[in-house]
Amino acid sequence: MMTQSLQNGFTLDNHYLRDLKGPVPVPTQYAPSLGVHRGSCPVEPHKDQEIQRHRSAQAAPLLGSCRVQTPAPMDVQMCQSIQPCHADHQGDLSAGQLLKWMDTIACLAAERHAGMACVTLSMDDIQFEETGRVGQVITIKSKVNRAFTTSMEVGIRVSVQDVREHVERLVCVAYSTFVGKPAGPQKVLLRPVEDLCSAEEQLQHSLASERRRLRLYNEQTFSTLLQDYHTLANGNYSSPGVCSRRDPLSAVSTEFTRVESIELVLPPHANHHGNTFGGQIMAWMENAATVAASRLCGCFPSLRSVDMFRFRGPSSVGDRLVFKAVVNNTFNNSIEVGVRVEAYNCEEWTANKPRHINSAFLIYQLANTPGDVPAFPQVTYTTQDGERRYLSAIVRKRIRMARKHILSCKEEAPLSVPWDKSNQVYLGYNNVAALTVLAGKQDWEASSISDRVAVYVHEEVELLCVQVQMEVMTSALHAFTLLADLTLRPLWDKHYLSCEEVERADEEETVYHIKCPPINGGKSRDFVFLLSKRQPCKDGDPYVVALRSVTVTTVPPVEGFLRSEAKCAGFLIHSLGLNSCKVRQTHQHTDCLRHSLGHPCSLALYDFVLAFSFT
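Residues numbered from 1 in each chain as written. Predicted model: local features only at pLDDT ≥ 70, side-chain atom pairs only at ≥ 80, totals over all residues. Heavy atoms only, no water.

If you check an unreviewed UniProt entry, the chain appears there as Acyl-coenzyme A thioesterase 11 from Oncorhynchus tshawytscha. The heading Subcellular location (unreviewed entry) in the UniProt record of the chain holds the text "Cytoplasm". Quoted verbatim from the Pathway (unreviewed entry) field of the UniProt record, the comment on the chain reads "Lipid metabolism; fatty acid metabolism." (UniProt positions renumbered as here; feature names shortened; annotations may be inferred.)

(A) Local environment of helix H5 (residues 278-297). Between its first and last C-alpha, H5 extends 29 Å over 20 residues, near the 28 Å set by a 1.5 Å rise per residue. Across the 20 residues that make up H5, a large majority, 16, are buried. (Helix = DSSP H or I, 4+ residues; strand = E, 2+ residues; numbered from the N terminus. Expected span 1.5 Å × (residues − 1). Buried < 20%, exposed > 50% of the residue type's maximum accessible area, 1.4 Å probe, protein only.)

(B) Fine view of the pattern of salt bridges. One pass over the structure, following the stated rule, counts 20 salt bridges. A salt bridge links Asp92 to Arg133; the nearest nitrogen and oxygen atoms lie 2.3 Å apart. Taken together, the residues span a long stretch of sequence, with Asp92 in the loop between strand E3 (76-81) and helix H3 (95-114) and Arg133 in the loop between strand E4 (118-128) and strand E5 (137-147) at a distance of 41 residues. The closest approach of N and O atoms between Glu201 and Lys143, which form a salt bridge, is 2.7 Å. Residue Glu201 is located in helix H4 (residues 199-234), and its partner Lys143 is located in strand E5; the two are separated by 58 residues in the primary sequence. Residue Glu201 is classed as partly exposed on the basis of its relative accessible area of 22%. The network of salt bridges with shared partners includes Glu255, Arg258, Asp385, Arg388 and Arg389. (Salt bridge = Lys/Arg side-chain N within 4 Å of Asp/Glu carboxyl O.)

(C) Region of the structure containing the confidence of the model for the chain. Looking at the chain, pLDDT values average 77 and 75% of them are 70 or higher. Scored below 50 in pLDDT, residues 1-72 shows 129 contacts in the model against residues more than four places distant or in partner chains. A low-confidence stretch, residues 601-615 stays under pLDDT 50, and its non-local contacts, those more than four residues away or across chains, total 56 contacts. (pLDDT = per-residue confidence, 0-100. Contact = heavy atoms within 4.5 Å.)

(D) Spatial organisation of the side chain of Asp103. Residue position: Asp103 is located in helix H3. At a separation of 3.0 Å, a polar atom in the side chain of Asp103 contacts the main-chain amide nitrogen of Gly279. Leave out the neighbours within four places in its chain, and Asp103 touches Thr120, Met123, Phe178, Phe277, Gly278, Gly279 and Met282. (Polar contact = N/O pair within 3.5 Å; in protein donor to acceptor, adjacent residues only side chain to side chain.)

(E) Quick peek at the pairing of strand E6 (residues 151-161). E6 sits mainly inside the fold: nine of its 11 residues count as buried. Linkage of E5 to E6, two consecutive antiparallel strands, is achieved through a turn of three residues. (Pairing = 2+ DSSP bridges.)

(F) Local environment of the packing of aromatic side chains. Within this structure, the stated rule accounts for five aromatic pairs. Ring plane angle 70° and centroid distance 5.8 Å describe the contact between Trp284 and Phe323, whose orientation is recorded as edge-to-face. With Trp284 in helix H5 and Phe323 in strand E11 (residues 320-330), the pair connects residues that are 39 residues apart, well separated along the chain. Considered together, Trp284 and Phe323 belong to a single accessibility category, that of buried residues. Geometrically, the ring pair formed by Tyr344 and Trp349 is edge-to-face, given 5.1 Å between the ring centres and 85° between the ring planes. Using a relative accessible area of 41% as the deciding quantity, one classes Trp349 as partly exposed. Its guanidinium or amino end placed over the ring of Phe331, Lys397 lies 5.0 Å from that ring's centre, counting from NZ or CZ. (Phe/Tyr/Trp six-rings, centres within 6.5 Å; stacked < 30°, edge-to-face > 60°. Lys NZ or Arg CZ within 6 Å of the ring centre and 35° of its normal.)

Okay, structure coming up:
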């Protein structure tokens, strides 16, 4: 048995998590974003299939009848008509009911691949795009994306369709981890997923390793960041929006939101293996979390995502399950609720010795109402445990944000626009205006603040914006001169290999071709930027250096370099005195970071979002 240190501060022996600690092949294109260097993991990705075949040969005695020449189709599908008994008080499909269906279909897909009973370890990355209503048809599809040594990832996709329409709308996606249920102490070895026909199947097969690597990587990251946030909160740099304690007179104590509920596991709550049905436990957890969130905001908010349902141990018919839910923290437009599940049999109930079997963090949002700006009341903590949960919620939000944008695989339209000197006035105005609007957005959330440097993030549906503010001991004009002439950057900026002036339209608009070195062993990148610079029109206005990608026919892609793009980036420079100024560096990242991670105008995004450095 191994001892697993948990994010919520509890410790539990759990042998189910041991197989998650083995080395995992990481796609090389993702290694830079994860900080995984060559040599840190002794696995050669190109040998993955050979390793899996060797493992499957070892697994043959345990797999028995599931080792067939032609595997059965891996897809499993469920269709359900949403009835009033499946809906909440507003007529929408209950999130708890949907979670039960999702766990059922994922379990069946896992058992089809393994050829035996399977046990759920976790269900994570659950993102709810919308919901279904009474009278609509819900379709849930599930399949095994990848099988590792003794665990497998099952992908789940849920869509809804109105009976009068022929278009399906995405409801949510999720990923579950399963292991074969062993008959004895020895773990069950799984055969690899083969016959990947479509490009989507190959992509998910590759990303399964990446998601697994991120889950393990984030466990270490969480501990590191939480320690840093404790240091920041107890130091002199905390400020509203980072991790400082809010005014107890104007904020609501999280203790007010505590909810405790008990359920007796009856035979209808058990699965076909005799254990408590995992989907039923998730539904009960969602109910307790919703009550806790509603106590804070005075209404029933909508469940938007689940950080992770983690199953730490089994329960069975006759157990008493105690659900403890509490609001951990609130943000600009979301709220995090933590839920802990403890199980007791008859003897444990009398002796008051619980077993911690489940935990999860659920993210809620208020329904959008025209003309209203959804906002939750601010909360504060009044106990040491409340402080831990308060700061942990901030760290988890940073991790979720980074994970979302790193793993996103949406197809993007080109970010660059054709450069035309005859239209330079419009392009220059648009360039400066986009940066000014981006920097002026409200609800920036502080990621880290130190003596002279502050990092803020602003997340929208498909955008992640990062802003770094720093004080520089030089005049604003001098800083503007250095930042506005990109040909000088290779002299003092290690992120520039070279910078060539392609075309100068006038004194304010110039097109540059920039070459950047590889990051963490990745591929070298190059950019074609339109730089628009503006001096202040009056006292108090900042100096502006705005950049965006453009397409120039005289600068085709260069062999050996990955042509990358940026839609909006730049600097606003505010004078603080004769020899000091404040520089605000702002960068807009799209929902896919394949263009952005090597951007020469930004520091490493993952470090910013997760606030690895508190300089």
